[in-house]
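Commentary on secondary and tertiary structure
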Amino acid sequence: FFKQKTAYEIYQCDWSSDVCSSDLSTVATVADADNAAGSLVVIATGVPTDVTITSISNSNGTVTANLAAGCSAFVGSNAIQLRVTDANGAFTEQFLNFNVTANTAPTLSYGNVTVPLNGGASNLPVSPTDNGTISYALAPGGAGTYTGGLVVNSSTGQVTFTNGAPVGVHTITVRATDNCGAFTDASFTATVPAVDYTITTTGNAIVATDISNNGDT
């Protein structure tokens, strides 16, 4: 006797990520008139492309397993064929139905940053999320009007500025791409302020004058 559990959803993504799997969900219950339920052997005999079922276990007739869907798994209704076999070699097969939900793009955002003229600064993303893995890069045209040094860490998303220039407000755009190729672009402003002081020499003395009297010299 083989009873399938109610169908459920799993997400397309990196197989190494727990978010993408069913995490030992109960997938079926089994019973037999002549053998103890826990002695029945359950295996998968048919699995869709880019779907895995692992850690199949039968505990007193309750069958659990891990399910995961990769980037090329069919989105929508899927089925895995399961077989339960008793000690005499008799078996019954049943389909485990489940739904694969399409992969979603990463979430990404940054706060704005001030980069001193000819100086440096850095900016980290604000709590990026994805159900797989993320790599970061400057989006096409992502430096905008900024001409100083600009590097995006591919693993952390940290943006590092050097030699800040020119003076003004610049829009920077970073792209986060997940392991399935879905991506999100996020923009923020990098402001390079003008120099707020003048430097003059009088005899052997060098004098720095705060133009706006704000203490920045």
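Our subject is the structure that appears above.
In short, a report on the structure.

Conventions we followed
- Residue numbers run consecutively from 1 along every chain, following the written order of its sequence.
- Thresholds applied to this predicted model are a pLDDT of at least 70 for local features of residues and 80 or more for the giving and counting of side-chain atom pairs; totals over whole chains, interfaces and linings are not thresholded and use all residues.
- In computing side-chain properties, one takes all heavy atoms of the structure into account and sets aside hydrogens as well as water.
- Secondary structure elements follow DSSP: runs of H or I no shorter than four residues count as helices, runs of E no shorter than two count as strands, and numbering proceeds from the N terminus.
- Each residue is placed in one exposure class: buried if its accessible area under a 1.4 Å probe, protein chains only, is under 20% of its type's maximum, exposed if it is over 50%, and partly exposed if it falls in between.
- Only heavy atoms enter the contact rule, under which two residues are in contact if any of them lie within 4.5 Å.
- Areas reported as accessible are Shrake-Rupley estimates using a 1.4 Å probe. Residue values count occlusion only from the protein chains shown.
- The rule for pairing is simple: two strands pair if DSSP sees at least two bridges between them.
- Angles here are taken between N-to-C directions and fall from 0 to 180 degrees, while the axes themselves are lines fitted to C-alpha atoms, restricted in helices to the stretch in contact.
- Throughout, nonpolar core names a set of buried Ala, Val, Leu, Ile, Met, Phe, Trp, Tyr and Cys residues whose side chains join them through atoms within 4.5 Å.
- Two cysteine sulfurs form what is called a disulfide whenever their separation falls within 2.5 Å.
- By convention, a stacked pair of Phe, Tyr or Trp rings (six-membered ring in the case of Trp) has centres within 6.5 Å and planes under 30 degrees apart, an edge-to-face pair has planes over 60 apart, and any other such pair is tilted.
- We define a salt bridge as a side-chain nitrogen of Lys or Arg found within 4 Å of a carboxyl oxygen belonging to Asp or Glu.

**Details of the overall build of the chain**
Per the secondary structure count, the chain includes 0 helices and 17 strands. The 217 residues of the chain split such that 34% are buried. Sequence separation of 24 or more characterises 57% of the internal contacts of the chain that already satisfy a separation of 6 or more. Accessible surface for the chain amounts to roughly 11,300 Å². Of this, 52% is attributable to carbon and sulfur atoms.

**Thoughts on the pairing of strand 8 (residues 91-101)**
Sheet analysis places strand 7 (residues 76-85) next to strand 8, joined by 10 bridges and oriented antiparallel. Considered in strand 8, the bridge of Asn 78 is made with Phe 98. Remark: 5 residues form the turn of the hairpin made by strand 7 and strand 8, two consecutive strands paired antiparallel; Gly 89 in that turn has positive phi of roughly 90°.

**What about the sheet that holds strand 13 (residues 159-162)?**
Sheet strands associate in pairs through backbone hydrogen bonding, adopting either a parallel or an antiparallel arrangement. Across the sheet, which stays open at both edges, the 3 strands sit in the order 10-13-12 with antiparallel pairing between neighbours. A single partner strand is all that each edge strand has here, and the edge strands are strand 10 (121-123) and strand 12 (149-152). Between one strand and the next, the sheet's axes are offset by a mean angle of 15°, whatever the strand orientation.

**Observations regarding the nonpolar core**
Core analysis: the biggest nonpolar cluster contains 18 residues, and Val 27 and Ile 80 have the highest contact counts within it. For this core, the element with the highest residue contribution is strand 6 (residues 62-69), accounting for 4 residues. Ranked by size, the runner-up nonpolar core spans 17 residues in total, among them Tyr 110, Val 115, Phe 161 and Val 192.

**Considering unusual backbone geometry**
Ala 165 connects to Pro 166 through a cis peptide bond whose omega is -10°. Checked against the element boundaries, Pro 166 lands in the loop between strand 13 and strand 14 (168-178).

**Some points on the state of the cysteines**
According to the stated counting rule, one finds 1 disulfide in the structure shown. Paired by a disulfide, Cys 71 and Cys 180 hold their sulfur atoms 2.0 Å apart. Measuring handedness by torsion sign, the sulfur bridge of Cys 71 and Cys 180 sits at about -85° and is left-handed. Here Cys 71, found in the loop between strand 6 and strand 7, pairs with Cys 180, found in the loop between strand 14 and strand 15 (183-192); they are 109 residues apart in sequence, far enough to count as distant.

**Structural notes on the packing of aromatic side chains**
All chains considered together, the criterion is met by 3 aromatic pairs. Taking the centre distance of 6.3 Å and the plane angle of 90° together, the rings of Phe 161 and Phe 188 count as edge-to-face. Remark: Phe 188 occurs in strand 15 and Phe 161 occurs in strand 13; sequence separation between them is 27 residues. For the pair Phe 161 and Phe 188, one class covers both residues: buried.

**Side note on the pattern of salt bridges**
One pass over the structure, following the stated rule, counts 2 salt bridges. We note a salt bridge from Glu 93 to Arg 83, for which the minimum N-O separation is 2.6 Å. Remark: Arg 83 occurs in strand 7 and Glu 93 occurs in strand 8; sequence separation between them is 10 residues. Note on Glu 93: relative accessible area 32%, which makes it partly exposed. Two residues, Arg 175 and Asp 185, come together in a salt bridge whose shortest N-O distance is 2.8 Å. Residue Arg 175 is found in strand 14, and its partner Asp 185 is found in strand 15; the two are separated by 10 residues along the sequence.

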